[in-house]
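Breakdown of the fold
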Number of protein chains: 2
Amino acid sequence: MATRTDAPTRREQILKEAARLFAERGFHGVGVDEIGAAVGISGPGLYRHFAGKDAMLAELLVGISEQLLTGAKRRLAEAEGVAGSGAGAEAVLDSLIEGHIDFALDDRPLITLHDRELDRLRDADRKMVRQLQRQYVELWVGVVREVYPAVAEPSARSAVHSVFGLLNSTPHLGRPGSLPGRAVTAELLHRMARGAFAAVGGE
Amino acid sequence: MATRTDAPTRREQILKEAARLFAERGFHGVGVDEIGAAVGISGPGLYRHFAGKDAMLAELLVGISEQLLTGAKRRLAEAEGVAGSGAGAEAVLDSLIEGHIDFALDDRPLITLHDRELDRLRDADRKMVRQLQRQYVELWVGVVREVYPAVAEPSARSAVHSVFGLLNSTPHLGRPGSLPGRAVTAELLHRMARGAFAAVGGE
DNA sequence: CAGGGAGGTTAGCGGTCGTTAACCTGAGGG
DNA sequence: CCCTCAGGTTAACGACCGCTAACCTCCCTG
């Protein structure tokens, strides 16, 4: 599956810089000239690679949602391949949390965009992103209810959304340098997420 | 101190509608004409009440920050008036959580703005908001470390930010109608917040 | 009853932004 | 050696947006 070690294509450069700028100043707060300047070309040159500013945001958001969902499905399948059921659920939940934390720590601008600029999309794109997000949430809900069978579905769904809020708080934790180390932060977030779920499950 | 039961002034109407619109479409995504239309006047009429669009956002964000900090200080003082120390810390933390949840549930647009549009402020306003936010965080950190003395300060601060992320997830919990009831949601969030802190404190 | 301020209105200016048009250039292939 | 085409460039257009100017109309008050 050829993990990409190639140099990034121009398209990828643009997407990365656009994500950073959108996260910093908001979709409407960034001009196409700035995005172009960030990759060394100027303004309208972007239109050789994207149909428009909207298309960049759409590709970013759809990409994020797909990546999250695909990763979660893979983790679920891997863990179910090992054990039959029961005790495995805890491990799956841990794996989901770990995956989400990796994403939140490594792609902070994307995490920021993910729940901030969704409404700027054209209808078709927004529906697609919403659907992917819903699938991701429902996957978590299923695992959570397997670990804590006493929790009703609406509560589980609220709990999942709230834990996402917790995990997605990484952009507020100070710039990468000031953190006490990536591994320590990841461990802290992981424990808090488990603690939050446990508080719902342990009536 | 005359708890306001009066009809809302025009200024307050404008601020409320502006908050809603800013939260829905972002600061740059809303025009002054739309804000005016939302309160029944049109466009430039707003300038009889505010110096400009920026001033509305500034007043909103400073107001939120002051309200949060003031409420937290009051709760801290009240609880310290009752008990001397020790066992009271738990009660103070519960009170802080309760206050933050009330705010997150009752003023969702403001919660959304609070961590989303801060960068659109003029330097002076942004510094003031940041300072108020910092005081609020530090107040929480102090209480958390009183309840869980084993937690180092940087961890406590990260934990507080993350719990804010958890509590501020209310805008993602579905529109007010679909919630299982305000009291139930508040209880759920409260338990999750306590569970998250406990997971950090109970090594 | 004069007058003045509070709170509106519409017209319009200046700047910015997304997008298109027209043109240029260098590398690869027949 | 020419042709093509990917990937740039600058100029410019049309729309929109924040804000000001100029004006109007009540309502209160001396």
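Residues numbered from 1 in each chain as written. Chains lettered and ligands numbered in written order. Predicted model: local features only at pLDDT ≥ 70, side-chain atom pairs only at ≥ 80, totals over all residues. Heavy atoms only, no water.

Of all residues adjacent to DNA strand D, which total 15 residues, the nearest are Arg10, Arg48 and His49 of chain A together with Tyr47 and Lys53 of chain B. Separating a phosphate oxygen of DNA strand D from a backbone N or O atom of Ser42 of chain A is a distance of 3.0 Å. Residue Val32 of chain B places a main-chain N or O atom 2.9 Å away from a phosphate oxygen belonging to DNA strand D. Grouping the constituent residues of the surface near DNA strand D by class yields 6 nonpolar, 5 polar and 4 charged. (Near = heavy atom within 4 Å. Polar contact = N/O pair within 3.5 Å; in protein donor to acceptor, adjacent residues only side chain to side chain. Nonpolar A, V, L, I, M, F, W, Y, C, P; charged D, E, K, R; others polar.)

Here the focus is the UniProt feature "domain: HTH tetR-type" (unreviewed entry) in chain A. Sites flagged by UniProt as "domain: HTH tetR-type" (unreviewed entry) map to residues 8-68 of chain A. Between the first and last C-alpha atoms of residues 8-68 of chain A the distance is 21 Å; the span itself is 64% helix and 0% strand. (UniProt positions renumbered as here; feature names shortened; annotations may be inferred. Helix = DSSP H or I, 4+ residues; strand = E, 2+ residues; numbered from the N terminus.)

Residues and elements named next belong to chain A. Helix 4 (residues 88-106) packs onto helix 3 (residues 53-82) with a crossing angle of 150° between their chain directions and a minimal axis gap of 9 Å. Considering their axes alone, helix 3 and helix 4 lie roughly antiparallel with respect to each other. The chirality of how helix 3 crosses helix 4 is right-handed. Seen from helix 3, the contacting residues are Ile64, Gln67, Leu68, Ala72, Arg75, Leu76 and Ala79; seen from helix 4, they are Val92, Ser95, Leu96, Glu98, Gly99, His100, Asp102 and Phe103. Among the residues making up the contact of helix 3 with helix 4, the classes are represented as 8 nonpolar, 4 polar and 3 charged. (Axes fitted to C-alpha atoms, helices over the stretch in contact; angles between N-to-C directions. Parallel < 35°, antiparallel > 145°, perpendicular 65-115°, else oblique. Left-handed = near helix turned anticlockwise from the far one by under 90°. Contact = heavy atoms within 4.5 Å.)

This paragraph deals with the protein's contact with DNA strand C. Taken together, 15 residues are adjacent to DNA strand C, and Tyr47 and Lys53 of chain A together with Arg10, Arg48 and His49 of chain B come closest. Across the atoms of DNA strand C situated within 4 Å of the protein, the share located in sugar and phosphate is 52%. Between DNA strand C and Lys53 of chain A there is a distance of 2.4 Å, counted from a phosphate oxygen to a side-chain nitrogen or oxygen. Within the side chain of Arg10 of chain B, a nitrogen or oxygen atom sits 2.6 Å from a phosphate oxygen of DNA strand C. Each residue belonging to the surface near DNA strand C can be placed in one class, and the counts come to 6 nonpolar, 5 polar and 4 charged.

Now for helix 1 (residues 10-25) of chain B. Residue and element names in this part refer to chain B. Helix length check: helix 1 (16 residues) gives 22 Å between terminal C-alpha atoms against 22 Å at 1.5 Å per residue, within 8%. Considered for burial, the residues of helix 1 that qualify are Ile14, Leu15, Glu17, Ala18, Ala19, Leu21, Phe22 and Ala23. Looking at the packing, one finds that the buried side of helix 1 touches helix 2 (32-38), helix 3 (53-82) and helix 5 (108-114). (Expected span 1.5 Å × (residues − 1). Buried < 20%, exposed > 50% of the residue type's maximum accessible area, 1.4 Å probe, protein only.)

Here we come to the interface of chain A and chain B. Opposite the 30 residues of chain A that make contact, chain B presents 30 residues. Together chain A and chain B conceal approximately 2,700 Å² of surface at their shared face, both sides included; 60% is due to carbon and sulfur atoms. Of all residues in chain A, Arg116, Arg191 and Met192 of chain A bury the most surface against chain B, accounting for 20% of the area lost on that side. Where chain A meets chain B, there are 2 salt bridges. Ionic pairing is found between Asp115 of chain A and Arg116 of chain B, a salt bridge with its closest N-O pair at 3.9 Å. In this structure, the connection of chain A to chain B is made through 9 residue pairs in polar contact (both at pLDDT 80 or more). (Buried area = accessible area lost by both parts, 1.4 Å probe. Salt bridge = Lys/Arg side-chain N within 4 Å of Asp/Glu carboxyl O.)

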